[in-house]
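Residue-level listing of the chains:
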Amino acid sequence: MHEHIAEAVKEPDVVTVPPGAICLRFETMKLYSALGAVRHLLETGQVKPGDTLVDSSSGIYAHALALACHRYGLNCHIVGSTTVDRTLRVQLEILGATLEQVRPSKNLRLDQNLRVQRIRELLQENPHYHWMRQYHDAIHYLGYRDIADLVRKEVPEGPLSLVGGVGTGASTGAIATCLREAGRDVTLVGVQPFGSVTFGAEHVSDPDMIIAGIGSSIPFQNVRHDLYDRVHWVNFDYAMSGAVELLRASGIFAGLSAGAAYLATLWERERDADRTYVFLAADTGHRYVDSAYANHAEARGLGAMRPHEVAVQGELKHPWSAMDWPPADSGLLRGAPVLTAESA
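The name an unreviewed UniProt entry assigns to the protein chain is Cysteine synthase, from the organism Streptomyces globosus. According to the UniProt record, the Cofactor (unreviewed entry) comment for the protein chain reads "pyridoxal 5'-phosphate".

Written out as structure tokens, the structure reads:
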């Protein structure tokens, strides 16, 4: 029996998906991140019950942090994007979290910068608030060790490929790290939208991109580039087609990042069928019904889809590109930091 709904909701379903892959299907995967971080803060005395935690979110992390604060008796304040919908706003209100949304913006970079700017103002006004910094604080790696333990228990021994959205860097990066520390042979395949600066695709825009949670328009310090072996960039149309086919093939109703990860998994398995493939479905498909699933008649068949295999980011192009990491022209060795124009 669980002491709180947060512990129950975070548990993933482990589902075999044809042809021969395994899906970890979450209702909201970021609960691992939020619960692990909040527990650590309390155990180390950095916060105490009754304190206020604050962070920026486009929606999913807001729900996770609100539940974690509810679980441990903390206050929660979210600076949210306009993508936070009415269903989530009502839940946050009832859970006791407070939400303020920045002004509407069609530019993702501006939206994220506005949210961070507002948090800095809040911290000046309320210096006792604790900023969770989900994009930059490595404490968000801690909770994902539980998922790695689950994979070790559920997935047969042997070479493993983990496929999932890069996002803030804490999920796929942390799971792969823990599995490797346990001696598992793990290839880590990251999934990104075009336009994300994280792996240098900011020069290829995707005006229909609504899967910002797996990429970013600003650098995230929690992304450890050296952990990744392959990167896939998938546009909206192909991610939507992947999500629709995932639902059709397996009954799994998940977000667009899961559709993109499923597509990448099929291609990676075609390249090397001697590994076990595990891909992440980090959230459900409910918030994508109108923007994606309602257009399922327009979904493309996956059989004819192939990525553009590229050697450098300058070759990236729609609708789908894939590349070994680090890129051929980087001169980087695994483990070396990756510098972008923003971080240099």
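Novice: Break down the overall build of the protein chain for me, with residues and values.
Specialist: A count of helices and strands for the protein chain gives 9 helices and 12 strands. Scaling as 2.2 N^0.38, a compact globule of 344 residues should have a C-alpha radius of gyration of about 20 Å, and the protein chain matches this with 19 Å. Projected onto its principal axes, the C-alpha coordinates of the protein chain cover approximately 55 × 45 × 45 Å. Residues counted as buried form 54% of the 344 residues belonging to the protein chain. At a minimum sequence separation of 6, the contacts of the protein chain that also span at least 24 residues come to 70%. Surface accessibility of the protein chain: about 14800 Å² in total, with carbon and sulfur atoms responsible for 50%.

Novice: Before we move on, can you summarise the packing of helix 2 (residues 30–43) against helix 3 (residues 60–72) with the specific residues and values?
Specialist: Relative orientation of the contacting elements helix 2 and helix 3 amounts to 40°, with a least axis distance of 8 Å. The pairing of helix 2 with helix 3 is recorded here as oblique in orientation. For helix 2 against helix 3, the interelement crossing comes out right-handed. Residue-level inspection shows K30, L31, S33, A34, L35, V38, R39 and L42 of helix 2 in contact with helix 3, the latter providing I60, Y61, A64, L65, L67, A68, R71 and Y72. The residue inventory of the contact of helix 2 with helix 3, partitioned by class, reads 12 nonpolar, 1 polar and 3 charged.

Novice: Explain the packing of aromatic side chains to me, and be specific about the residues and the numbers.
Specialist: Under the counting rule described, the total for this entry stands at 8 aromatic pairs. Seen in terms of ring centroids, Y135 and F220 are 4.2 Å apart; in terms of plane orientation they differ by 10°. Their pairing is stacked. Of this pair, Y135 sits in the loop between strand 6 (130–131) and helix 6 (145–154) while F220 sits in the loop between strand 8 (186–192) and strand 9 (230–234); the two residues are 85 residues apart in sequence, bridging distant segments of the chain. With a relative accessible area of 8%, Y135 lands in the buried category. Ring centres of Y238 and W320 lie 6.3 Å apart, and the angle between their planes is 65°; on these two criteria the pair is classed as edge-to-face. With Y238 in helix 8 (residues 236–250) and W320 in strand 12 (residues 320–324), the pair connects residues that are 82 residues apart, well separated along the chain. With respect to burial, Y238 and W320 carry one shared label: buried. Here the aromatic residues F26, Y32 and Y144 are joined through ring pairs into a cluster of three or more.

Novice: Let's hear about the domain arrangement of the protein chain: which residues, and what values?
Specialist: Looking at the assigned domains, one finds that the protein chain contains domain 1 (5–29 + 141–324) and domain 2 (31–138). A straight line from the C-alpha centre of domain 1 to that of domain 2 covers 24 Å. Counting residues at the interface gives 29 residues for domain 1, matched by 23 residues for domain 2. Both faces considered, domain 1 and domain 2 share a buried interface measuring about 2400 Å² in area, 58% of it formed by carbon and sulfur atoms.

Novice: Got a sec to walk through the pairing of strand 7 (residues 160–165)? Specific residues and values, please.
Specialist: Of all 6 residues in strand 7, 6 are buried; the element is thus mostly enclosed. The pairing of strand 7 with strand 8 spans 6 bridges and is parallel. The residue of strand 8 that forms the bridge with G165 is V191. After leaving strand 7, the chain enters helix 7 (residues 170–181) and then returns to the sheet as strand 8, a path that is right-handed. Note: strand 7 against strand 10 (residues 276–281), 4 bridges, orientation parallel. Note on strand 10: the bridge partner recorded for V163 is F279.

Novice: Pulling in residues and values, what's your account of the pattern of salt bridges?
Specialist: Enumeration over the complete set of coordinates arrives at 21 salt bridges. Across the pair E7 and R71 runs a salt bridge, and its minimum N-O distance is 3.1 Å. In this pair, E7 sits in helix 1 (residues 5–10) while R71 sits in helix 3, placing the two residues 64 residues apart along the sequence. The class for R71 is partly exposed, based on a relative accessible area of 22%. Between E100 and R118 there is a salt bridge, with its nearest N and O atoms 2.7 Å apart.

Novice: Got a sec to walk through unusual backbone geometry? Specific residues and values, please.
Specialist: With an omega dihedral of 0°, the bond running from P18 to P19 counts as a cis peptide bond. Tracing the backbone through its elements, the reader meets P19 in the loop between strand 1 (13–17) and strand 2 (21–25). The linkage connecting H318 with the following residue, P319, adopts the cis geometry, with an omega of 0°. Of note, the phi angle at R133 is positive, near 50°, even though the residue is not glycine. Looking at the element boundaries, R133 is found in the loop between strand 6 and helix 6. Exposure remark for R133: the relative accessible area of 27% places this residue in the partly exposed category.

Conventions and cut-offs
- Residue positions are given per chain, counting from 1 as you read along its sequence in written order.
- Owing to the predicted nature of the model, reporting of local features is limited to residues with pLDDT of at least 70; listing and counting of side-chain atom pairs is limited to 80 or more, with chain, interface and lining totals taken over all residues.
- With hydrogens and water set aside, each side-chain value is computed from the structure's full complement of heavy atoms.
- UniProt positions are given in the numbering used here, feature names are shortened, and annotations may be inferred rather than shown by experiment.
- Labels follow the DSSP assignment, with helices taken as runs of H or I lasting at least four residues and strands as runs of E lasting at least two, numbered in each case from the N terminus.
- Between the two quantities, the radius of gyration covers C-alpha atoms and the globule rule is 2.2 Å times the number of residues to the power 0.38.
- Think of it in three bands: with a 1.4 Å probe and only protein chains considered, a residue is buried below 20% of the maximum accessible area for its type, exposed above 50%, and partly exposed in between.
- Two residues form a contact once any of their heavy atoms are found within 4.5 Å.
- Every accessible area reported is derived by Shrake-Rupley at a probe size of 1.4 Å, with residue values counting cover from the shown protein chains alone.
- Lines fitted to C-alpha atoms define the axes here, with helix axes fitted over just the stretch in contact, and angles between the N-to-C directions of these axes take values from 0 to 180 degrees.
- For classification purposes, an angle smaller than 35 degrees is called roughly parallel, one larger than 145 roughly antiparallel, one from 65 to 115 roughly perpendicular, and anything else oblique.
- Handedness of a crossing is defined here by the sense of rotation of the near helix relative to the far one, left-handed for an anticlockwise turn of less than a right angle and right-handed for a clockwise turn.
- Amino acids outside the nonpolar list (Ala, Val, Leu, Ile, Met, Phe, Trp, Tyr, Cys, Pro) and the charged list (Asp, Glu, Lys, Arg) are all regarded as polar, and Gly is one of them.
- Each aromatic pair joins two rings of Phe, Tyr and Trp (for Trp, the six-membered one) with centres within 6.5 Å, and gets the label stacked for planes under 30 degrees apart, edge-to-face for over 60, and tilted for any other angle.
- The split of the chain into domains comes from an automatic or database domain assignment.
- Note: buried area is the sum, over both parts, of the accessible area (probe 1.4 Å) each one loses when the two are combined.
- In this analysis, strands are considered paired if DSSP registers two or more bridges between them.
- When the strands point away from the viewer and the connection leading from the first strand across the helix to the second strand turns clockwise, the crossover is called right-handed.
- Salt bridge, as used here, is a side-chain nitrogen of Lys or Arg placed within 4 Å of a carboxyl oxygen of Asp or Glu.

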